[in-house]
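Survey of secondary and tertiary structure
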Amino acid sequence: MEETAWQLSNPILGIVAIIAMFVLFYVVSFISNKKSQSVADLYVAGSTIGPVTNGLAMASTYMSLATFLGITALILELQVPFIMLWIQLILSIPLITIIYGTSLRRMGAFSPTHFIRERYGVSASIIAALFMILVSLMYALGQMIGVALAFEMVLGIPYLPGLLIGGLLIVGYVTIGGMAGASNNAAIQMVIIALMFIIPLGAIMKAVGGSGWFFPPLLYADMVPAMVDAMPGFFDYQFSPKWYVSLIGLTIGSLGLPHLAMRIYTASNLKSARNAMVWFTFIIGLVFSATYAMGFVGVYATQTQGVSISSTDADKLTLILNLVYNPEWVTALVIAGAIAAGLSTISGNLLAIGALLSQDIITTLKPSIPTKMRVKLGYAAIFTGGIVSILLAINPPAFLVVSILWAFGLAGVTNAPLIIVGVWWKEANKYGAMAASVIGGLIYIIVSPFVFPSVVITGHGVTDGMGLSGAMLAIPISFVLLIVVSYVTNRMPSLSRHLTPDADKRLIERIHGWSNVHPQRYNSQLGAAITVILFSAVAVWALFPWNM
C-alpha cells in the first residue's frame, strides 16, 4: 500500500483527542511549576515526588515513542533478536538505583554530571556535559520523529509540518512545566500510554483470531504455530553470539542517560526512591510485554492476514494495525497515547539538556550567577534544546529508534564508566576520566555510520546504526583507559600533585554512607586488573569479523 493510505479519514477525531490531552498537560504543568523559585525546584521538583508518582514517571520517561512505534518497527525488521536487545535495556533504572543512584542522591547531585564535577573536577565535568548534551539531543531526536509521524497520520499533512506543529507544542509544554510539571504529567501519561496501548491491542488480537486477547502482554501463544508456519525464522537467533554480547554495551550505556538518572533525585528520600522501583518494574514490565506482543501481532498480520506495510511505514506499525482492525476513534486515542509517550521522554531529555547547559557548564564556569538568573538560564536552555532537536529531525534516520539506541551507546562510552568506576574505585582520577571520555567518545563517533559512512565495523546497517558494534569496541576501551591512565598518573609526581586523593576518598566513603575512611575500602587493585584484562579482550574481539 501507498504511505498516504495510512491516515485518519476523519482528522477531527484525532485533533480533539490531541487538543484535550495538551490542554490537560499544560494545566498540570502550570499548576505544578508556578512556585518554582530555585534550581532544585526546576530540575528535581525540590525532591518532593512520592513513590507512586515517581515510579509511574520513571516508566513513562523510559517508555518513549520508541516503545510505542520504534520497537515494533524493528521487531518487524529483525524479529526476536530485537526483543532480546530491548529486554536488556529494561534493567537500566533498577541498575541506576543499585549501582549509583542512591549514592549520588546522598551527595545531593542534580545529575550524573554533577557527580563527575565533584569527583573529577571542572574540566572532566564539562567534557562529560558536552557529550551528554549530544546524547540527550539524539534521544530527543527519535521522539520528535515519532511525534511528527503521529501528527502526519492525524492531520494528513507532510512530515515537516507535522514535525513543526508537534515539536513546538511539546517544547512549550516542557519549558512551562519544569520537573514538577514533567513528573506529575508523566504519571498521567503513563496511565494513558498503558490504556491506549494494551486495550486496543486486545481488540487487534481478537480480530486476527487470537484467543488470549483478554490479556495481550502474555497470552498470544496460541498464534505461535501459525506464525512458525508462515515465517519459520521469526524465533531464530539469526546473528552471531557476538551480536548478543554487544547488547550489554547498550545496557551499560543506559546507566549513563541523564534524564533517567534525574528521576532518582526527584524522590523525597532514599526509601521513596527504592519504593518507586517497585512501581516502575510493574508498569514497565506490563507495557513492554504488550509492546513485544504488538510487534509479534504486526509480523503475524503481514505474514498471515495479507496486511502490507512498506519499509518506509515500519515506524507506523502500531498505528497501522489500529487503522486496519479497530474503529477510527480508537486509532485517534492510540495516536494521542503515542504522543503522550513522546511528551514524557522529551520532557526528561530537555530538562537534562537544561541542567547540563545551565548548571553543569555555564554556572560551573561562572558560579557567581544569581539564583534567579540560573533559573532563567535553565528555561532558555530547555527551549533551545527543544528547537535543536526539531531541526535535527528534519532529515531523520530510516528507523526512529536508531538515534535513540546510538545515544545509549555514546552515554555508555563517555558517561557510565566515569560514574561506575568513580563510585566504586578510589584510584580513579581526572586524567583517566578525561582520557576515557574524549578518546572513547571519538572512537564511538568515528565508527558510527552517521559521521563517516565508510568507516564501519560490521557493514550491517542496522547493527552499526544502533551503535551495537561501536559500543562493543569503545565502551571497553573507555573502561580500560579510565583505570590504566588513573593508575599510572597517580604514581607520577608531576601529575599527582594536581590531584586531591584525600578529598576523593572522603567523598566516596560519604556517598556510600560511611562516616569514616578505610584505606582498603573501594580500593582493590586486583579488581581493577581483572576489569582491564576482561575489557581489553572484549575490545579486541569486537574488531574480528562479526559474520552477520
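Note that the coordinates shown come from a computational prediction; the quantities given were computed from them, not determined experimentally.

Quick look at the overall build of the protein chain
Across its full length, the protein chain holds 23 helices and zero strands. Within the protein chain, the proportion of its 548 residues that are buried is 60%. Relative to all contacts within the protein chain whose residues are 6 or more apart in sequence, the contacts with residues 24 or more apart total 84%. Carbon and sulfur atoms make up 69% of the accessible area of the protein chain, which amounts to about 19500 Å² in all.

Quick word on unusual backbone geometry
With a phi close to 60°, Gln 79 is a non-glycine residue in the positive phi region. Within the fold, Gln 79 resides in the loop between α3 (51-78) and α4 (80-89). Under the relative-accessibility criterion, Gln 79 is labelled buried at 7%. A positive phi angle, close to 55°, is found at Tyr 522, a residue other than glycine. Note on placement: Tyr 522 falls in the loop between α22 (501-511) and α23 (525-543). Tyr 522 sits in the buried class, given a relative accessible area of 18%.

Some thoughts on the packing of helix α6 (residues 112-120) against helix α7 (residues 122-155)
Interaxial distance between α6 and α7 falls to 7 Å at its minimum, and their mutual angle equals 160°. The angle between the axes of α6 and α7 places the two elements in the roughly antiparallel class. Crossing hand, α6 versus α7: right-handed. Between α6 and α7, the residues in contact are Thr 113, Ile 116, Arg 117 and Tyr 120 and Val 122, Ala 124, Ser 125, Ala 128, Ala 129 and Met 132, respectively. Partitioning the contact of α6 with α7 into residue classes produces seven nonpolar, two polar and one charged.

As for helix α17 (residues 416-424)
Along α17, eight of the nine residues are buried, which leaves the element largely enclosed by surrounding structure. For α17, the complete set of buried residues consists of Ala 416, Pro 417, Leu 418, Ile 419, Ile 420, Val 421, Gly 422 and Val 423.

Points about the environment of Met 196
Note on placement: Met 196 falls in helix α8 (residues 159-207). When the C-alpha positions of Met 196 and Ala 338 are compared, they lie 8.2 Å apart, and in sequence the two are 142 residues distant. The contact partners of Met 196, leaving out residues within four places of it in the chain, are Phe 68, Leu 333, Val 334 and Gly 337.

Overview of the side chain of Gln 79
Within polar-contact distance, the side chain of Gln 79 engages the backbone oxygen of Leu 76 at 2.9 Å. Not counting residues within four places of it along the chain, the set of residues in contact with Gln 79 comprises Leu 74, Met 231, Phe 234 and Gln 238.

Considerations on the nonpolar core
Counting 170 residues, the largest nonpolar core has Phe 82, Leu 85, Trp 86 and Met 466 as the members making the most contacts within it. Examining the composition of this core, we find that 20 residues originate from one element, α7, more than from any other. If near-sequence neighbours (up to four positions away) are discounted, Leu 85 is found in contact with Trp 243, Leu 247, Leu 250, Leu 405, Met 466 and Leu 468.

What to know about the pattern of salt bridges
Counted by the stated rule, this structure contains six salt bridges. Two residues, Glu 509 and Lys 426, come together in a salt bridge whose shortest N-O distance is 2.7 Å. With Glu 509 in helix α22 and Lys 426 in the loop between α17 and α18 (430-446), this residue pair connects regions lying 83 residues apart in the sequence. Just as Glu 509 is buried, Lys 426 falls in that class too. Bridged by salt links that share partners, the residues Glu 152, Asp 313 and Lys 316 form one connected network.

Considering the packing of aromatic side chains
Inspection of the entire model under this criterion finds 14 aromatic pairs. Seen in terms of ring centroids, Phe 234 and Phe 296 are 5.5 Å apart; in terms of plane orientation they differ by 90°. Their pairing is edge-to-face. A residue pair is termed long-range when its members are at least 10 positions apart, and Phe 234 in the loop between α9 (224-230) and α10 (241-255) and Phe 296 in helix α12 (residues 270-304) qualify at 62 residues. For Phe 296, a relative accessible area of 2% translates into the label buried.

Side note on the packing of helix α20 (residues 468-489) against α23
Orientation of α20 relative to α23, taken along the N-to-C sense of each, is 145°, at an axis distance of 8 Å. The element α20 and its partner α23 pack so that their crossing is left-handed. Here Met 472, Leu 473, Ile 475, Pro 476, Ile 477, Phe 479, Val 480, Ile 483, Val 484 and Tyr 487 of α20 come into contact with α23, specifically with Gln 525, Ala 528, Thr 531, Val 532, Phe 535, Ser 536, Val 538, Ala 539, Trp 541, Ala 542 and Leu 543. Residues belonging to the contact of α20 with α23 are distributed by class as follows: 18 nonpolar, three polar and no charged.

Observations regarding α7
Taking 1.5 Å per residue, 34 residues should reach 50 Å; α7 reaches 48 Å between its end C-alpha atoms and fits that length. Of all 34 residues that make up α7, 28 are buried, and the element is covered over most of its length.

Brief notes about the environment of His 512
Checked against the element boundaries, His 512 lands in the loop between α22 and α23. For His 512, a relative accessible area of 14% corresponds to the buried category. With residues near it in sequence (within four places) discarded, His 512 still touches Ser 103, Arg 106, Val 423, Trp 424 and Tyr 522.

Points about the confidence of the model for the protein chain
When pLDDT drops low, the exact placement of atoms in the prediction is not to be read closely. When pLDDT is averaged along the protein chain, the result is 82, and 88% of the positions lie at 70 or above. Considering each helix and strand of the protein chain separately, the mean pLDDT is smallest for helix α2 (residues 39-44), with a value of 44, and largest for α18, with 96. Of the regions scoring below 50 in pLDDT, residues 36-47 engages in 46 contacts with residues more than four places distant in sequence or in other chains.

Comments concerning a nonpolar patch on the surface
On the surface, a nonpolar cluster with roughly 620 Å² of combined accessible area is contributed by Val 438, Ile 439, Leu 442, Ile 446, Phe 450, Val 451, Phe 452 and Val 455. For Ile 439, the position within the fold is in helix α18. Its relative accessible area of 40% is what places Ile 439 among the partly exposed residues.

Conventions we followed
- Residues numbered from 1 in each chain as written.
- Predicted model: local features only at pLDDT ≥ 70, side-chain atom pairs only at ≥ 80, totals over all residues.
- Heavy atoms only, no water.
- Helix = DSSP H or I, 4+ residues; strand = E, 2+ residues; numbered from the N terminus.
- Buried < 20%, exposed > 50% of the residue type's maximum accessible area, 1.4 Å probe, protein only.
- Contact = heavy atoms within 4.5 Å.
- Areas by Shrake-Rupley, 256 points an atom, 1.4 Å probe, with all protein chains shown as cover.
- Axes fitted to C-alpha atoms, helices over the stretch in contact; angles between N-to-C directions.
- Parallel < 35°, antiparallel > 145°, perpendicular 65-115°, else oblique.
- Left-handed = near helix turned anticlockwise from the far one by under 90°.
- Nonpolar A, V, L, I, M, F, W, Y, C, P; charged D, E, K, R; others polar.
- Polar contact = N/O pair within 3.5 Å; in protein donor to acceptor, adjacent residues only side chain to side chain.
- Core = buried A, V, L, I, M, F, W, Y, C linked by side-chain atoms within 4.5 Å.
- Salt bridge = Lys/Arg side-chain N within 4 Å of Asp/Glu carboxyl O.
- Phe/Tyr/Trp six-rings, centres within 6.5 Å; stacked < 30°, edge-to-face > 60°.
- Expected span 1.5 Å × (residues − 1).
- pLDDT = per-residue confidence, 0-100.
- Patch = residues over 30% accessible without salt bridge, like charges linked within 9 Å, V, L, I, M, F, W, Y side chains within 5 Å.

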